[in-house]
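# Report on the structure
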Amino acid sequence: MFSTLRRAMFLRRFPTVISPAKRAISSKVSDEIDLRILNELNQEMQSIFGAEPPATMDYPELNSSIESLEFTKPESSRLYKQSAKVVTEDISKLTHVGVSGEAQMVDVSSKDNTNRTALACCKVILGKRVFDLVLATQMGKGDVLGVAKIAGINGAKQTSSLIPLCHNIALTHVRVDLRLNPEDFSVDIEGEASCTGKTGVEMEAMTAVSVAGLTVYDMCKAASKDISITDVRLERKTGGKSGYWSRGE
């Protein structure tokens, strides 16, 4: 996309360069197709930048590649239309987006109640000095892992309040485990949520580990600000129309 826009800007600013190029490839592409493509590029530029592209934008690297400039072939045009169709279909699968692009909460009233579970994880990189303090339970705020565990469970129960379009789910079980990892001086956090309902608990599991990770940071920030929370991700889910899913399978 960006490459196409840069070419379009060049064509708009230097129209005299186009004629030799068109003559050079006239045996391959008709003038009618060339003109149509140029008009499409002009319309695309106008929709983004207005009547004219910004005068301050300059791309000197185009000078070395003008000789290889080619107009879009008919088969490339077909590929473009096919790609656009795929993008449109993918957008239609976004259940939190309405027909006119507005945000919406999904109506799940017609779905069946099924047993649903989700497993998520994240990692908190402490560094050796903070890791040793946590291991020895010498942090000023007290039991880092114990407090973070309770915070993660509470976070899972508050998911619908934190994330606007999530449903308020009656959770049947939440588990949050934290483990000190001496290999990289980190805390590995795993969270699992379960319910019997019409929608999944992936967000509850990921919220649990995220809040637990943030709590670890809060408990340790007096000793170091150089702590990272990484790799927040869903590992596995079950239930619902899509059934079982596991990362890497």
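One structure accompanies this document, and this report is about it. (Residues numbered from 1 in each chain as written. Predicted model: local features only at pLDDT ≥ 70, side-chain atom pairs only at ≥ 80, totals over all residues. Heavy atoms only, no water.)

Here the focus is the overall build of the protein chain. When its secondary structure is counted, the protein chain shows 8 helices and 5 strands. Start at the N end of the protein chain and walk to the C end: the helices and strands fall as α-α-α-α-β-α-α-α-β-β-α-β-β. Buried residues in the protein chain amount to 33% of all 249 residues. Across the protein chain, every contact between residues at least 6 apart in sequence was considered, and the portion connecting residues at least 24 apart equals 74%. Put simply, the protein chain shows about 15,400 Å² of open surface, and 55% of that area lies on carbon and sulfur atoms. (Helix = DSSP H or I, 4+ residues; strand = E, 2+ residues; numbered from the N terminus. Buried < 20%, exposed > 50% of the residue type's maximum accessible area, 1.4 Å probe, protein only. Contact = heavy atoms within 4.5 Å. Areas by Shrake-Rupley, 256 points an atom, 1.4 Å probe, with all protein chains shown as cover.)

Within this structure, the stated rule accounts for 1 cavity of 30 Å³ or more. Roughly 40 Å³ of internal volume is contained in the largest cavity. If you trace the largest cavity, you find it lined by A156, K157, T159, S160, H167, N168, I169, L171 and E204. Listing elements by their share of the lining of the largest cavity, those giving two or more residues are α6 (144-157) and α7 (159-162). Residue composition of the lining of the largest cavity, grouped by class: 3 nonpolar, 4 polar and 2 charged. (1 Å grid on protein atoms, 1.4 Å probe; cavity = no way out; pocket = protein on both sides within 12 Å on 5 of 7 lines; lining within 4 Å. Points joined across faces, edges and corners; volume = space filled by probe spheres on them. Nonpolar A, V, L, I, M, F, W, Y, C, P; charged D, E, K, R; others polar.)

With that settled, consider the pattern of salt bridges. Applying the stated criterion across every chain, the model contains 11 salt bridges. R175 is the partner of E190 in a salt bridge, and the nearest nitrogen-oxygen pair spans 3.1 Å. Of this pair, E190 sits in strand β3 (residues 186-197) while R175 sits in strand β2 (residues 171-181); the two residues are 15 residues apart in sequence, bridging distant segments of the chain. Measuring nitrogen to oxygen at the nearest pair gives 2.8 Å for the salt bridge that ties D188 to R179. Judged by its relative accessible area of 17%, D188 falls in the buried class. Through salt bridges with shared partners, a single ionic network connects K149, R175, D177, E190 and E192. (Salt bridge = Lys/Arg side-chain N within 4 Å of Asp/Glu carboxyl O.)

Our next topic: the side chain of T207. Positionally, T207 belongs in helix α8 (residues 202-220). A polar contact is formed between the side chain of T207 and the backbone oxygen of M203, at a distance of 2.7 Å. If we skip the residues at most four places from it in the chain, T207 touches G155, A156, T159, L162 and I163. (Polar contact = N/O pair within 3.5 Å; in protein donor to acceptor, adjacent residues only side chain to side chain.)

Quick look at the pairing of β2 now. Where β2 meets β3, 10 bridges bridge the pair, whose relative direction is antiparallel. Each residue of the ladder has a partner; that of R175, found in β3, is E192. Between β2 and the antiparallel strand that follows it, β3, lie 4 residues; F185 among them carries a positive phi value of about 55 degrees. (Pairing = 2+ DSSP bridges.)

For sheets, the rule is that strands pair by backbone hydrogen bonds, running either parallel or antiparallel. In spatial order, the strands read β2-β3-β1-β4-β5; together these 5 strands make up an open sheet with antiparallel pairing. Two strands close off the open sheet at either side, each with one partner strand: β2 and β5 (245-246). Relative to β5, strand β4 (residues 228-238) runs antiparallel, the two being bridged by 2 bridges. By the bridge assignment for β5, R236 is matched with S246. Helix-sheet contacts for α6 involve β2 and β3, and the interaxial angle to β2 is about 150 degrees. (Axes fitted to C-alpha atoms, helices over the stretch in contact; angles between N-to-C directions.)

Core analysis: the biggest nonpolar cluster contains 32 residues, and L126, V134, V187, I189, V216 and C220 have the highest contact counts within it. Contributions of two or more residues to this core are made by β1 (114-125), α5 (128-135), α6, β2, β3 and α8. Look past the residues within four positions of V187 in its chain and what remains in contact with it is C122, K123, V124, L126, L145, L178, R179, L180 and V216. (Core = buried A, V, L, I, M, F, W, Y, C linked by side-chain atoms within 4.5 Å.)

The subject of this paragraph is the pairing of β1. Here 12 bridges tie β1 to β3, and the two strands are oriented antiparallel to one another. When the sheet's bridge partners are listed, T114 is paired in β3 with G197. Two elements, β1 and β4, share 8 bridges in a ladder whose sense is antiparallel. Bridge pairing in β4 links C121 to R233.

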